[in-house]
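Structural description and commentary
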Amino acid sequence: MAYPWPLFVALAANFFFFFSFQSLFSVFPLFVTSLGGKAAAIGALQGTFALAAVIFRPIAGWVCDRVGRKTGLIFGSFVFALSMLLYCLIKDLKSLFILRAFHGTGIAFFTTAFAAFLSDIAPPEKRGEIMGLGGIAAPVSLLFAPLLGDFLACGGNFSRLFLSGAGFGALAVILSLSLPETLKRSGQSHNSLSLAQIFVPVILTMAIGVSYGSVITFLPVFLAERAIGPAGFFYSLFSLTLVPTLIFGGRLSDKLGRGRVAIPAAGLVILAMGFIPLSRTRWLLVLSALIYGFGYGALRPTIDALIIDRVFPLARGEALGFNYTGFDLGIGLGSLLLGYLAQGYGYSSVYAASAIVMAVAGAIFLREVSKC
């Protein structure tokens, strides 16, 4: 069966959306310091963005199920394009906090609508595969966008970067406008979402978020402490592993069943978290990055597909919104609590704790699956 044309347009829109987002990754802290902000301000501004995403994801899901997927895509990408333009006008930290909150609503709407859009065009027998395809834009753009951001902002020319990011966001808007609406209301009533249907998968998604938060927040400091080297090579290997695994992991769940893929994938995440504190040389860390990429890449589209399997079509937006809220909360709350743990017991304890959280969530998921 050939892929429908809207899939390719949606994938391109998603790529440009994330390219706009990730071009700020390595430069944004420098922009904050240029306004007089310190380390605490950098963390608070990142937290403001994430908090806005958490708050607005359920709202975005509701809008996608009532108004349409296309509306969420257009609104989210428009917010991103406009936010990047507005960064050019920022002269103080107070204004920047307000803008970061606004910017965060964009990712809540776009990513929730994008997942709901894919769930609508994916036939049940290819649901995991197509959800996996939808995930490849972020790791692919991560390989290039921060490098372009560094180049454009060279010498403190942040406006050039912001205008470029606005351009990528505008491309996402244009592509979103060309997509058909996939929300079909004819003959269907709005079925309310039962959280009991998706509670256990969301718990597993939160645990994945905890592991991901531990990697993006604490790994650079952990590696510096052990003099292993910069964390960039871990992230690059992780991203490269994700691209094929997102596709084939989702496809495998279509063939074998969601549980038969999710449980071994969760085991790989646990194994990777266990290997990181044992790392004394780069080689074991390389192995950890590869294992984590395989586990994470197979687990995310499988859980997305499982949630879509369990809910009515007109509740998909809300269900996916809650699932991604779980991921965001896992990153945010997990990083906060793990920070206190690291302060008292060292950075190795962060990854041991992440493995335990993942093991508990995996056991809860295994128990539920075994009852089915």
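Residues numbered from 1 in each chain as written. Predicted model: local features only at pLDDT ≥ 70, side-chain atom pairs only at ≥ 80, totals over all residues. Heavy atoms only, no water.

Moving on, we get to the overall build of the protein. From N to C terminus, the protein includes 15 helices and 0 strands. For the protein, the C-alpha atoms occupy an extent of roughly 55 × 45 × 35 Å along the three principal directions. Taking all 372 residues of the protein together, 54% fall into the buried category. Partitioning the intrachain contacts of the protein with sequence separation of at least 6 by distance along the chain shows that 85% fall at a separation of at least 24. Entry remark: accessible area of the protein is about 15300 Å², with carbon and sulfur atoms responsible for 73%. (Helix = DSSP H or I, 4+ residues; strand = E, 2+ residues; numbered from the N terminus. Buried < 20%, exposed > 50% of the residue type's maximum accessible area, 1.4 Å probe, protein only. Contact = heavy atoms within 4.5 Å. Areas by Shrake-Rupley, 256 points an atom, 1.4 Å probe, with all protein chains shown as cover.)

With that out of the way, let us pick up the side chain of Arg-69. Counting through the fold element by element, Arg-69 comes out in helix α4 (residues 69-87). Apart from the residues within four sequence positions on either side, Arg-69 is in contact with Cys-64, Ala-113, Ala-116, Phe-117, Asp-120, Glu-181, Thr-182, Leu-183, Pro-313, Arg-316 and Gly-317.

As for its position among the elements, Arg-367 is in helix α15 (residues 348-371). C-alpha separation for the pair Arg-367 and Leu-285, spaced 82 residues apart in sequence, amounts to 31 Å.

Packing of helix α1 (residues 5-22) against α4 leaves a shortest axis separation of 11 Å and a crossing angle of 30°. On the basis of their axis angle, the class for α1 and α4 is roughly parallel. With respect to the hand of their crossing, α1 and α4 are arranged in left-handed fashion. Contacts between α1 and α4 pair Phe-17, Ser-20 and Phe-21 from the former with Gly-76, Ser-77, Phe-80 and Met-84 from the latter. Here the contact of α1 with α4 is built from residues that sort into 4 nonpolar, 3 polar and no charged. (Axes fitted to C-alpha atoms, helices over the stretch in contact; angles between N-to-C directions. Parallel < 35°, antiparallel > 145°, perpendicular 65-115°, else oblique. Left-handed = near helix turned anticlockwise from the far one by under 90°. Nonpolar A, V, L, I, M, F, W, Y, C, P; charged D, E, K, R; others polar.)

Looking at soluble globular proteins, one finds that nonpolar side chains tend to be buried together. Formed by 85 residues in total, the largest nonpolar core has its most connected members in Leu-219, Ile-276, Leu-299 and Tyr-351. Beyond its immediate chain neighbours, meaning those up to four positions away, Tyr-351 contacts Ser-214, Val-215, Phe-218, Leu-219, Phe-222, Met-273, Ile-276 and Pro-277. By size, the runner-up hydrophobic cluster in this structure holds 20 residues, among which are Ala-41, Leu-45, Cys-88 and Leu-152. (Core = buried A, V, L, I, M, F, W, Y, C linked by side-chain atoms within 4.5 Å.)

This brings us to the packing of aromatic side chains. Tallying each qualifying case throughout the model produces 28 aromatic pairs. Centroid distance Phe-17 to Phe-80: 4.1 Å. Interplanar angle 25°. Geometry classified as stacked. Of the two residues, Phe-17 sits in helix α1 while Phe-80 sits in helix α4, which places them 63 residues apart along the sequence. As far as burial versus exposure is concerned, Phe-17 and Phe-80 are alike and both buried. Consider the rings of Phe-75 and Phe-109, whose centres lie 4.8 Å apart with planes at 70°: the pair is edge-to-face. Of this pair, Phe-75 sits in helix α4 while Phe-109 sits in helix α5 (residues 93-121); the two residues are 34 residues apart in sequence, bridging distant segments of the chain. Judged by its relative accessible area of 8%, Phe-109 falls in the buried class. Each residue in the set Phe-17, Phe-18, Phe-21, Phe-49, Phe-80, Phe-110 and Phe-114 is aromatic and connected to the rest through ring pairs, giving one cluster. The ring of Phe-28 carries the charged tip of Arg-100 above its face, separated from the ring centre by 4.1 Å. (Phe/Tyr/Trp six-rings, centres within 6.5 Å; stacked < 30°, edge-to-face > 60°. Lys NZ or Arg CZ within 6 Å of the ring centre and 35° of its normal.)

Attention now moves to the pattern of salt bridges. A full pass over the atoms with the stated rule returns 11 salt bridges. For Asp-120, the salt bridge identified is with Arg-69, shortest N-O distance 2.7 Å. Remark: Arg-69 occurs in helix α4 and Asp-120 occurs in helix α5; sequence separation between them is 51 residues. For Arg-316, the salt bridge goes to Asp-120, with nearest N and O atoms at 3.0 Å. Of this pair, Arg-316 sits in helix α14 (residues 316-345) while Asp-120 sits in helix α5, and the two are 196 residues apart along the sequence. The partly exposed category is assigned to Asp-120, whose relative accessible area is 22%. (Salt bridge = Lys/Arg side-chain N within 4 Å of Asp/Glu carboxyl O.)

With that settled, the discussion passes to the side chain of Ser-349. Structurally, Ser-349 is set in helix α15. Taking the relative accessible area as the measure of exposure, Ser-349 reaches 16% and is therefore buried. Only 2.6 Å separates the side chain of Ser-349 from the backbone oxygen of Gly-346, close enough to count as a polar contact. Non-local contacts of Ser-349, meaning those with residues more than four positions away in its chain, are made with Leu-341 and Ala-342. (Polar contact = N/O pair within 3.5 Å; in protein donor to acceptor, adjacent residues only side chain to side chain.)

For helix α13 (residues 282-310), built from 29 residues, the straight-helix expectation of 42 Å at 1.5 Å per residue is met to within 8% by its first-to-last C-alpha distance of 42 Å. Within α13, 21 of the 29 residues are buried, which leaves the element mostly enclosed by the surrounding structure. (Expected span 1.5 Å × (residues − 1).)

Turning our eyes to something else, we now look at the packing of helix α10 (residues 195-226) against α14. Interaxial distance between α10 and α14 falls to 6 Å at its minimum, and their mutual angle equals 40°. Regarding the angle of α10 to α14, the classification is oblique. As α10 runs across α14, the sense of the crossing is right-handed. Its residues assigned to classes, the contact of α10 with α14 comprises 16 nonpolar, 11 polar and no charged.

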